[in-house]
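Okay, here's what each chain looks like letter by letter:
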Amino acid sequence: MSALELDTPVLHRPGTLAEVCALLAELDQPMVYGGGTAVQILLKQGVLFASDLVDIARVPGLDRIEETPEGLRVGAMVTLRRMETDPVVRRLAPLAAQVYARVANPRVRNTASVGGNLAHGDYRLDPPTALLTLDARVELTSAGGTRLVPVREFFTGFQETALAQGELVTAVRIPAQPSPAAAFAKLSSLSVNDWPCASAAALLVPTGRRRERWELRMGLGALAAKPEYLSLSVPVGAAVDEVLEAAQRAADQIIDPIPDVRGGVEFKRRLGLVAVRDAVRAAWDLAAQPTAGSTRGSVPGSTREEDSDVQRTSQRRWWRGR
Ligand SMILES: Cc1cc2nc3c(=O)[nH]c(=O)nc-3n(C[C@H](O)[C@H](O)[C@H](O)COP(=O)(O)OP(=O)(O)OC[C@H]3O[C@@H](n4cnc5c(N)ncnc54)[C@H](O)[C@@H]3O)c2cc1C
């Protein structure tokens, strides 16, 4: 294939999902065209290796946000800006709305799509940090059918995802956020709208028979070859400084930065630990508020006397075990 052919892929605009799947199965080197914010740049840079672009903007239903018994089903062509502003997303998955609002600038967010963002597979993406903590699943469709892949298994390596040949992202299924105790921290070393140098999302989910512990879930962005996930169990009454220390120590095992124009390895590692600290501290502060139960459910019993004993015992055990 000549360089000229690489610069001018054929554009297809199918009107149904079945047509999209057929094109992806039949064409030589097809590439899905979502919002086009990344594809356009790759085209201009002359580094796009595709014989054909398959624009999915006309496929009905891909731009839909639905409330489900589990939480949300977000179509692949929903824009990042809608994730930021949609009242249903803000109610059921406020952490996701918060993180989508921090991607790039309004111009990019108005065009870029939820599916394209995931499929892009970049290690610096912000939205996966929230989707990892929320335990979202990616819906992948091909001529052979549909399968669901947990976001925690979707990113497989540097610029690599679980997308197989002939598949496209059709939706993301996001469980309702189990607790409002969540926060996101993004640190950029160039401009404030730039890609992150380090980002971290933190979510505290009440666990245990008497809700005497928190599962601290964390998603990390830009700090390794792919978005990373980790979780810790901490007692409800733990001291914040000890929790921050435990979170940073756990994150430090996973952080493996890629040096680039935004910073070297050590700079990014230190920034990553700051992002972890900021996100966990903000989530912990929210957890201390009496409403920190569930976006749909009840409140953990940190103020109830009978539960305080359980929490204190749990806390003592935690410190003994460390
Ligand atoms: C100036 C700038 C700053 C940015 N800053 C940030 C940032 O701070 N944080 C951040 O997270 N992101 C950032 N981005 C990345 C931006 O989020 C991505 O460009 C965008 O999410 C890609 O979405 P898209 O719909 O435009 O995808 P496209 O450009 O259409 O496609 C991107 C890739 O995904 C594939 N693809 C698209 N849709 C699908 C689908 N449904 N199924 C399968 N494959 C698909 C395409 O084939 C292509 O490989 C930035 C981008 C720009 C241009």
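For the structure given in this document, a descriptive report is provided here. (Residues numbered from 1 in each chain as written. Predicted model: local features only at pLDDT ≥ 70, side-chain atom pairs only at ≥ 80, totals over all residues. Heavy atoms only, no water.)

Regarding its fold elements, the chain presents 13 helices and 14 strands. Evaluated residue by residue, the chain yields a buried proportion of 50% over its 322 residues. A sequence separation of at least 24 residues applies to 64% of the contacts in the chain between residues at least 6 apart. When the accessible surface of the chain is totalled, it reaches about 14500 Å², and 51% of it is carbon and sulfur. (Helix = DSSP H or I, 4+ residues; strand = E, 2+ residues; numbered from the N terminus. Buried < 20%, exposed > 50% of the residue type's maximum accessible area, 1.4 Å probe, protein only. Contact = heavy atoms within 4.5 Å. Areas by Shrake-Rupley, 256 points an atom, 1.4 Å probe, with all protein chains shown as cover.)

Our next topic: helix α11 (residues 240-254). Compared with the 21 Å implied by 1.5 Å per residue over 15 residues, the 22 Å span of α11 between its first and last C-alpha is a close match. Taken together, the buried positions of α11 are occupied by Val243, Leu244, Ala246, Ala247, Ala250 and Ala251. End-on, the buried residues of α11 take up no more than an arc of 165°, which puts them together on one face. When the buried face of α11 is taken as reference, the exposed residues oriented beyond 90 degrees from it are Asp241 and Gln253. (Expected span 1.5 Å × (residues − 1). Arc of directions from axis to C-beta.)

With respect to spatial proximity, 32 residues lie near the ligand, and among them Val32, Gly34, Gly35, Thr37 and Ser113 are the closest. Here an oxygen atom of the ligand and a backbone polar atom of Val39 are 2.9 Å apart. Contact with the protein chains removes 89% of the 960 Å² of surface that the ligand exposes when unbound. Secondary-structure elements contributing two or more residues to the shell around the ligand are β2 (30-33), α3 (37-45), α8 (114-120) and β10 (168-175). The residue inventory of the shell around the ligand, partitioned by class, reads 21 nonpolar, eight polar and three charged. (Near = heavy atom within 4 Å. Polar contact = N/O pair within 3.5 Å; in protein donor to acceptor, adjacent residues only side chain to side chain. Nonpolar A, V, L, I, M, F, W, Y, C, P; charged D, E, K, R; others polar.)

Using the criterion set out here, one finds 20 salt bridges in the structure. Lys226 serves as the salt-bridge partner of Glu228, at 3.6 Å between the closest nitrogen and oxygen. For Glu228, a relative accessible area of 19% translates into the label buried. We classify Lys226 as partly exposed; its relative accessible area is 21%. Taken together, the shared-partner salt bridges connect Glu66, Arg73, Glu139 and Arg173 into one network. (Salt bridge = Lys/Arg side-chain N within 4 Å of Asp/Glu carboxyl O.)

Our next topic: the packing of aromatic side chains. Here the structure, examined in full by the defined rule, presents two aromatic pairs. Taken together, a centroid distance of 5.8 Å and an interplanar angle of 40° make the contact between Tyr123 and Phe158 tilted. Linking Tyr123 in the loop between α8 and α9 (127-133) with Phe158 in the loop between β8 (155-157) and β9 (160-161), this pair joins segments that are 35 residues apart in sequence. Between Phe154 and Phe155, the aromatic rings sit 5.2 Å apart at their centres with planes inclined by 85°, giving edge-to-face as the arrangement. (Phe/Tyr/Trp six-rings, centres within 6.5 Å; stacked < 30°, edge-to-face > 60°.)

The subject of this paragraph is the sheet that holds strand β12 (residues 198-207). The strand order β11-β12-β13-β14 describes an open sheet built from four strands, whose pairing is antiparallel. Single-partner strands in this sheet number two, and they are β11 (182-187) and β14 (228-235). On average, each strand axis in the sheet is inclined to that of its neighbour by 15°, with strand direction left out of account. As paired strands, β12 and strand β13 (residues 213-221) are joined by nine bridges and run antiparallel to one another. Residue pairing in the sheet places Ala200 in a bridge with Leu220 of β13. Each of β13 and β14 is contacted by α11, which is oriented at about 155° to β14, the strand it contacts most. With respect to the sheet, helix α12 (residues 265-287) is in contact with β11, β12, β13 and β14, its orientation differing from that of β12 by roughly 35°. (Pairing = 2+ DSSP bridges. Axes fitted to C-alpha atoms, helices over the stretch in contact; angles between N-to-C directions.)

Buried within helix α2 (residues 17-26) are the following residues: Val20, Cys21, Leu23 and Leu24. Projected down its long axis, α2 shows its buried positions confined to an angular sector of 160°, all on one face. Exposed side chains of α2 directed beyond 90 degrees from the buried face belong to Ala18, Ala25 and Glu26.

From the geometry alone we can't say anything about function, so treat these as descriptive.
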